[in-house]
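# A look at the structure
The residues making up each chain are set out below.
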Amino acid sequence: MSYEYIEIGDPDFLENHIQNEELDYILVRKRSLENVPIDHWKPPAYCFTRRFKNFESELTNFEVKHDDVWVASYPKSGTTWCQEMVWLICNGLNYDAAKTQHLRKRFPFLDISLIHDLPDGRSSFQKVESMTSPRFIKTHLPVSMLPKQYWDVLPKTVYVHRNVKSVAVSYYHHSKNYFYRGTKEQFVRSFMKDLQFYSPIHSHVIGYHSLKGCENILHLRYEDMKFDLKKVAEKVCSFFGHYYSNTQLEGLCQHLSFGSMKNNVSCNYEDETDATWIDKEPDDRFIRRGQVDSWKSELTSELNRDLDEWTKTSVKDKKHLSLFFE
């Protein structure tokens, strides 16, 4: 097997995972890393479900194409926002086409089958493989688990990361709206034990920023997008070799504004057949608040302090601390 599977032995997890609906969780580590261009590096095991074993071969042998466009991230780091921006920039700012087809079809989630069953029972890897080129592909995979062909092809990829405390809060609200039944305190504590999907977050972010010679990857920060979206959009345009006028870029930024995105049914993953979705409380929406530092009002002083200390302890090479602290 290409992967090592490790049972979770944490006492708190074992005591609460059934009532919290954290079912079938398992830690997975890639055994061989000969293709990943990082020096002197041993990645950790990452948190998935037992479904991973069923799709190990499809993941490893997934066909990567030269004209693929990838957006990669740890969950709840601004992925959807980044996807919509990238798709529009690469498709001539075709807003009509973007509105008529949901983002999940335009820009599907490659590896969702590793953690959840699809409604139609199909493999997410097979769905993406069957798409016509150029394919737009979303992934939350860490660098150690990208398909083998990725390193030969090196498709254009945008990686976006976000403040760890913002991720923790957003990830909790996202999870509770789908399956999680524990408290916010329990979720954040579990997050700090690297027991939420695609964790550990620090290794995930550092891995993508430690790759050697990968000019195919553009790195973005959620906070930079919030501070100056137009500047980030210009950077993305340059990366993909596209040029748009100032007026066109302003129109793109308006389309990508929080007010526009939260009510855009082609992006927000709400059930458009449910007429009440638009009246949901912000924390019950897929696109929730769109704020840089909402964690300040949601985390206790103790959790805030513990998250900072956890990051400082987890990041062994201090040159990487700037990825997590401004």
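Below: a short report on this structure.

Reading the values: the criteria
Residues numbered from 1 in each chain as written. Predicted model: local features only at pLDDT ≥ 70, side-chain atom pairs only at ≥ 80, totals over all residues. Heavy atoms only, no water. Helix = DSSP H or I, 4+ residues; strand = E, 2+ residues; numbered from the N terminus. Expected span 1.5 Å × (residues − 1). Buried < 20%, exposed > 50% of the residue type's maximum accessible area, 1.4 Å probe, protein only. Axes fitted to C-alpha atoms, helices over the stretch in contact; angles between N-to-C directions. Parallel < 35°, antiparallel > 145°, perpendicular 65-115°, else oblique. Left-handed = near helix turned anticlockwise from the far one by under 90°. Contact = heavy atoms within 4.5 Å. Nonpolar A, V, L, I, M, F, W, Y, C, P; charged D, E, K, R; others polar. Pairing = 2+ DSSP bridges. Phe/Tyr/Trp six-rings, centres within 6.5 Å; stacked < 30°, edge-to-face > 60°. Lys NZ or Arg CZ within 6 Å of the ring centre and 35° of its normal.

Turning our eyes to something else, we now look at helix H8 (residues 164-176). Here H8 contains 13 residues, and its C-alpha end-to-end distance of 18 Å stays within 8% of the 18 Å for a straight helix at 1.5 Å per residue. Counting buried positions along H8 yields eleven of 13 residues, so the element is predominantly enclosed.

Now for the packing of helix H12 (residues 229-240) against helix H13 (residues 246-255). Where H12 meets H13, the axes come as close as 10 Å, and the angle between the chain directions of the two elements is 115°. When the interaxial angle is binned, H12 and H13 end up roughly perpendicular. Classified by chirality, the crossing of H13 by H12 is right-handed. For the pair formed by H12 and H13, the contact residues are Leu229, Lys230, Ala233, Glu234 and Cys237 on the first element and Asn246, Leu249, Glu250, Leu252 and Cys253 on the second. A class-by-class count of the residues in the contact of H12 with H13 yields six nonpolar, one polar and three charged.

Spatial strand order, S1-S2-S3: three strands in an open sheet with antiparallel pairing. Each end of this open sheet is capped by a strand with a single partner; those strands are strand S1 (3-6) and strand S3 (46-49). Sheet twist, expressed as the mean angle between neighbouring strand axes with direction ignored, is 40°. Pairing between strand S2 (residues 25-30) and S3: four bridges, direction antiparallel. Paired with isoleucine 26 across the two strands is phenylalanine 48, which belongs to S3.

Looking now at unusual backbone geometry. Here the bond from serine 133 into proline 134 is cis, since omega is 0°, no more than 30 degrees from zero. Mapped onto the elements, proline 134 comes out in the loop between helix H6 (124-129) and strand S5 (136-139). For the bond from serine 199 to proline 200, the omega torsion is 15°, close enough to zero to count as cis. Turning to its location among the elements, proline 200 is positioned in the loop between helix H9 (184-192) and helix H10 (201-209). Backbone geometry places glutamate 21, a non-glycine residue, at a positive phi of 65°.

In the contact formed by helix H3 (residues 79-90) and H12, the axes pass within 10 Å of each other and the chain directions differ by 50°. As the angle between them shows, H3 and H12 are arranged oblique. Handedness of the H3/H12 crossing: right-handed. Counting all contacts with H3, which are made through Trp81, Met85, Val86, Ile89 and Cys90, the residues of H12 involved are Leu229, Val232, Ala233, Val236, Cys237 and Phe240. Of the residues assigned to the contact of H3 with H12, the class counts are eleven nonpolar, no polar and no charged.

Turning next to the packing of aromatic side chains. Applying the stated rule across the entire model yields 23 aromatic pairs. Between tyrosine 3 and phenylalanine 52, the ring centres sit 4.9 Å apart and the planes meet at 70°, which makes this aromatic pair edge-to-face. Residue tyrosine 3 is located in strand S1, and its partner phenylalanine 52 is located in the loop between S3 and helix H2 (56-60); the two are separated by 49 residues in the primary sequence. Between tyrosine 171 and phenylalanine 187, the ring centres sit 5.5 Å apart and the planes meet at 75°, which makes this aromatic pair edge-to-face. Taken together, the positions of tyrosine 171 in helix H8 and phenylalanine 187 in helix H9 put the pair 16 residues apart, joining distant regions of the chain. Using a relative accessible area of 0% as the deciding quantity, one classes phenylalanine 187 as buried. Ring pairing ties together the aromatic residues Tyr74, Tyr171, Tyr172, Tyr180, Phe187, Phe191 and Trp310, which thus form one cluster. Here arginine 162 stacks its cationic end above the ring of tyrosine 222, 4.0 Å away from the centre of that ring.

Geometric values such as these leave the question of function open.
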